[in-house]
Structure formats: structure tokens, C-alpha cells
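If you want the building blocks of each chain, they are given just below.
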Amino acid sequence: MECREFQKKIPVFVEHELNRSSEERMKTVIPRDELLGFVDHASNCKTCHDDLEIYYMALVGYDLAKSDASASFDFSGMLKKRLSVIEDNIKKRILLEKSLVFCMWLGRISVYLLLILCFIVFLF
Ligand SMILES: [Zn+2]
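Report on the accompanying structure.

Here is what the cut-offs are and how they apply
- Residues numbered from 1 in each chain as written.
- Predicted model: local features only at pLDDT ≥ 70, side-chain atom pairs only at ≥ 80, totals over all residues.
- Core = buried A, V, L, I, M, F, W, Y, C linked by C-beta atoms within 7 Å.
- Buried ≥ 20, exposed ≤ 12 C-beta atoms within 10 Å, placed from the backbone.
- Helix = DSSP H or I, 4+ residues; strand = E, 2+ residues; numbered from the N terminus.
- Contact = placed C-beta atoms within 7 Å.
- Axes fitted to C-alpha atoms, helices over the stretch in contact; angles between N-to-C directions.
- Parallel < 35°, antiparallel > 145°, perpendicular 65-115°, else oblique.
- Left-handed = near helix turned anticlockwise from the far one by under 90°.
- Nonpolar A, V, L, I, M, F, W, Y, C, P; charged D, E, K, R; others polar.

### Some words on the nonpolar core
Turning to step 1, where the next piece is worked out: The biggest cluster of nonpolar side chains holds 10 residues, and these are Phe 6, Phe 13, Phe 38, Val 39, Ala 42, Cys 48, Leu 52, Tyr 56, Leu 79 and Ile 86.
Turning to step 2, where the next piece is worked out: Of all the elements in the fold, those that place two or more residues in this core are helix H1 (3-19), helix H3 (32-44), helix H4 (46-67) and helix H5 (75-123).
Turning to step 3, where the next piece is worked out: In contact with Tyr 56, other than residues within four places in its own chain, are Val 14, Phe 75 and Leu 79.

So this is what it looks like as C-alpha cells:
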């Protein structure tokens, strides 16, 4: 993902983080590949990460301050943790999908092998 594209997605990402419960967050509004690209760019581009952090701090901070003005928050840590959780969830889902595809492929091969074996046994 390019910096320009990342910058455009910052408000969408942060508002998405704000407005949804953790359950709804799983059904993300940002397509998975884009979200993974976003998280990846955030960890590899310091300028964009800093911009994201400022935006995150402003909006999430405002939201949290409304509920508890006296508390102090580690926004940088919170953001890093969120990005890490999102990345882990996406990678786990991709791995699960690949495993399912492999299992289906293995199942098909087994059926074909069984059919060939039955055919051979039937012939001889
Ligand atoms: Zn960048």
C-alpha cells in the first residue's frame, strides 16, 4: 500500500475502531487484503504510523475521556496492540482458509485414489 492510499484510509480505520463493538469489528468494513496492507504499512512506514497515531489519539482519546476524564491512557500502546490483534486475526483466517483448501484437495485426491483402486481390483 502506498502512503497516499494509507492516508486516505486512516479516518475510515479509526472511525471503524471507534464505532463498533469487538464482535462487529470482526466483520470489518475494510476488505481483508486492504486491512492487511494497511496494518503492514503502519508497521513499516514511520511517517504514516505517526499520522495514524495522532488521528487515533485524537478520536479514541476524546471518546475515552468522555467516559473517564481522570484516567490516563497509553494510546501508542493501545494502537500497536490493536494493529497486532488485527494482523494476527487476518493471518489466522488466511491460514485456516489455506488449510481448508488443502483438506478439500486431499479429500478429492483420496476419492480419486479410491476409485482407481476399486477399478483395478474390479478388473483383475
Ligand atoms: Zn507511508
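### Looking at the packing of H3 against H5
Turning to step 1, where the next piece is worked out: Two elements in contact, H3 and H5, have axes separated by 10 Å at closest approach and are oriented at 135 degrees. Compared by their axis directions, H3 and H5 come out oblique. Remark: the crossing between H3 and H5 carries left-handed chirality. On the side of H3, the interface is formed by Arg 32, Leu 35, Leu 36, Val 39, Ala 42 and Ser 43, while H5 contributes Leu 83, Ile 86, Glu 87 and Ile 90.
Turning to step 2, where the next piece is worked out: Among the residues forming the contact of H3 with H5, the class breakdown is seven nonpolar, one polar and two charged.

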